[in-house]
Amino acid sequence: MLVSATPDILIVLTRVDGGVDVLVGGAVPFGMIKLGLDIYEEPINQSALNGGWTLQGYVTGLSLMHESGTGGGAKYGFPAQMPLTSIDGNVNLLDNRTYWQRREGEDVASVGYFRTKFESGVIVELSASHHAELHHYTYPAASETHVLVDFSRYLPHPIRSWDSQFYTGGVIKIHSNSSTYTGYTSIAGGWCIGAPVTVDRSGPLNDRVGAVFTRNYVTGQIESGSLFHVGLRGNINWTEGYAAVRKNAEVLPYFDENPVNSRDLLKEGRSALDDWIPLGYVSADHKFRAVSKTVEYSLNDFAVSQVAAGEASGDRDLYSYFNK
């Protein structure tokens, strides 16, 4: 059971285990950070693979990026870390099945905060702002205190190989006092069959990347990190950029013959322009996501109109959402 620390959002949180892809974790509205549990459950639970949270299952890690509100192949679930009370015996740090954990008791959540307890006795508290994450781990008094950081781990999708994620490279740098690290990871594929997504940066390395931090005290373990979106600056060719977004707004892309949707493509371009251009909305004839595409295309056209204001002022009204 999930207990909300804020009664007003209890109804929302108690509905997330019904097969929907919803993140439950440390996050704030419209924040870039979606910090939460990564859970594996059999029979394979699509919701756990995307949103990260279900009532049951094994926690394989805690990661700062998740999707919320989408189906399809798993996306994100990186970078990841995991508090451990032992790294000896049967624990293989390259195989999260050897250290995954079930939870005990009730999870607690409110906007920007999440708490759970692992069967190892570790209490995990997670919080986030728009661009930063905060982990707080409280270990049992007599346990060892380790934190596994795995830059090459991501959410898997064992039943949909065609849009699964894969690791393309990364780096981790442990600083001289051995208590902090920096680095980057780059993961490609997943839902949208996307190009590599890179979080943070350092020098090159092309093997599994990670580290284990061990403390000589047992409570109050805190790890924090951040994720920033870098604004576009410098020498940008806005003329070519405008040509690209205008093509996206006007040219119906080729069908990619994906196995999910017999009419709409999953990747490049806007697949419902044959409705949007003549009608000003996406009809139910497209079957999938007609309402959300209508909202998305409205925002897309507004963005095009803003670029047109500087590049081709006569085009601006063509893409104004007031004309839809």
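One structure accompanies this document, and this report is about it. (Residues numbered from 1 in each chain as written. Predicted model: local features only at pLDDT ≥ 70, side-chain atom pairs only at ≥ 80, totals over all residues. Heavy atoms only, no water.)

### Focus on the sheet that holds strand β11 (residues 165–174)
Phase 1 of the analysis: Spatially, three strands are ordered β11-β12-β13 in an open sheet, and the strand pairing comes out antiparallel. Of all strands in the sheet, those with a lone pairing partner are β11 and β13 (194–199), marking the two edges. Across the sheet, the mean angle separating the axes of adjacent strands is 10° when strand polarity is ignored. (Pairing = 2+ DSSP bridges. Helix = DSSP H or I, 4+ residues; strand = E, 2+ residues; numbered from the N terminus. Axes fitted to C-alpha atoms, helices over the stretch in contact; angles between N-to-C directions.)

### Thoughts on unusual backbone geometry
Phase 1 of the analysis: A cis geometry characterises the amide bond from Phe 78 onward to Pro 79, with omega recorded as -15°.
Phase 2 of the analysis: Assignment of secondary structure puts Pro 79 in the loop between β4 (58–63) and β5 (80–84).

### Considerations on the packing of aromatic side chains
Phase 1 of the analysis: Applying the stated criterion across every chain, the model contains four aromatic pairs.
Phase 2 of the analysis: Considering the side-chain rings of Trp 276 and Tyr 297, the 5.7 Å spacing of their centres and the 85° angle between planes classify their relative orientation as edge-to-face. In this pair, Trp 276 is assigned in helix α4 (residues 273–279) and Tyr 297 in helix α5 (residues 290–311), connecting sequence segments 21 residues apart. Take Trp 276 and Tyr 297: they sit in the same class, and that class is buried.
Phase 3 of the analysis: Ring pairing ties together the aromatic residues Tyr 40, Tyr 58 and Trp 100, which thus form one cluster.
Phase 4 of the analysis: A cation over an aromatic ring shows up here: Arg 102 above the ring of Tyr 58, its NZ or CZ 4.1 Å from the ring centre.
Phase 5 of the analysis: For Arg 270, the ring lying beneath its charged end belongs to Tyr 297, and the centroid distance is 5.2 Å. (Phe/Tyr/Trp six-rings, centres within 6.5 Å; stacked < 30°, edge-to-face > 60°. Buried < 20%, exposed > 50% of the residue type's maximum accessible area, 1.4 Å probe, protein only. Lys NZ or Arg CZ within 6 Å of the ring centre and 35° of its normal.)

### Looking at the pairing of strand β8 (residues 123–128)
Phase 1 of the analysis: Only one face of β8 is buried, namely the one carrying Val 124, Leu 126 and Ala 128, since none of Ile 123, Glu 125 and Ser 127 on the opposite face is buried.
Phase 2 of the analysis: Examined bridge by bridge, strand β7 (residues 113–118) and β8 share five bridges and lie antiparallel to one another. Looking across to β8, one finds that Phe 114 is bridged to Leu 126.
Phase 3 of the analysis: Hairpin connection from β7 to β8: four residues lie between these consecutive antiparallel strands, with Gly 121 at a positive phi of about 100°.
Phase 4 of the analysis: Counting the residues that bridge the hairpin from β8 to strand β9 (residues 132–138) gives three residues.

### What about the pattern of salt bridges?
Phase 1 of the analysis: This model, assessed by the stated rule, comprises five salt bridges.
Phase 2 of the analysis: Here Arg 103 makes a salt bridge to Asp 107, at a shortest N to O gap of 2.6 Å. Grouping residues by exposure puts Arg 103 and Asp 107 together as buried.
Phase 3 of the analysis: A salt bridge links Asp 301 to Arg 270; the nearest nitrogen and oxygen atoms lie 2.9 Å apart. Placement of Asp 301 in helix α5 and of Arg 270 in the loop between α3 (238–250) and α4 is noted, with a sequence separation of 31 residues between them.
Phase 4 of the analysis: Taking relative accessible area as the criterion, Asp 301 reaches 2% and is therefore assigned buried.
Phase 5 of the analysis: When its relative accessible area of 2% is taken as the criterion, Arg 270 is described as buried. (Salt bridge = Lys/Arg side-chain N within 4 Å of Asp/Glu carboxyl O.)

### Focus on the side chain of Glu 41
Phase 1 of the analysis: For Glu 41, the location among the structural elements is in the loop between β3 (35–40) and α2 (46–51).
Phase 2 of the analysis: Setting aside residues up to four positions removed in sequence, Glu 41 forms contacts with Thr 54, Gln 56 and Gly 57. (Contact = heavy atoms within 4.5 Å.)

### Quick notes on α5
Because each turn of an α-helix spans 3.6 residues, side chains separated by three or four positions end up pointing in the same direction.
Phase 1 of the analysis: Over its 22 residues, α5 extends 31 Å from the first C-alpha to the last, a length consistent with the 32 Å expected when each residue adds 1.5 Å.
Phase 2 of the analysis: Along α5, the positions that sit buried rather than exposed are Ala 290, Lys 293, Thr 294, Tyr 297, Asp 301, Val 304, Ser 305 and Ala 308. Each buried residue of α5 lies within a common arc of 120° when the element is viewed along its axis, so the set occupies one face. Turned more than 90 degrees off the buried face of α5, the exposed positions are Val 291, Val 295, Leu 299 and Gly 310. (Expected span 1.5 Å × (residues − 1). Arc of directions from axis to C-beta.)

### Remarks on the packing of α3 against α5
Phase 1 of the analysis: Relative to each other, α3 and α5 sit at 145°, their axes nearing to 10 Å. Relative to α5, α3 is oriented so that their crossing is left-handed. In this structure, α3 uses Trp 238, Thr 239, Tyr 242, Val 245 and Ala 249 to contact α5, whose residues at the interface are Asp 301, Val 304, Val 307, Ala 308 and Glu 311.
Phase 2 of the analysis: Taken together, the residues of the contact of α3 with α5 sort by class into seven nonpolar, one polar and two charged. (Left-handed = near helix turned anticlockwise from the far one by under 90°. Nonpolar A, V, L, I, M, F, W, Y, C, P; charged D, E, K, R; others polar.)

### Section: the environment of Pro 83
Phase 1 of the analysis: Mapped onto the elements of the fold, Pro 83 is located in strand β5.
Phase 2 of the analysis: According to the relative accessible area criterion, Pro 83 is buried, its value standing at 1%.
Phase 3 of the analysis: Measuring from C-alpha to C-alpha, the distance between Pro 83 and Tyr 137 comes to 7.1 Å, with 54 residues separating the pair along the chain.

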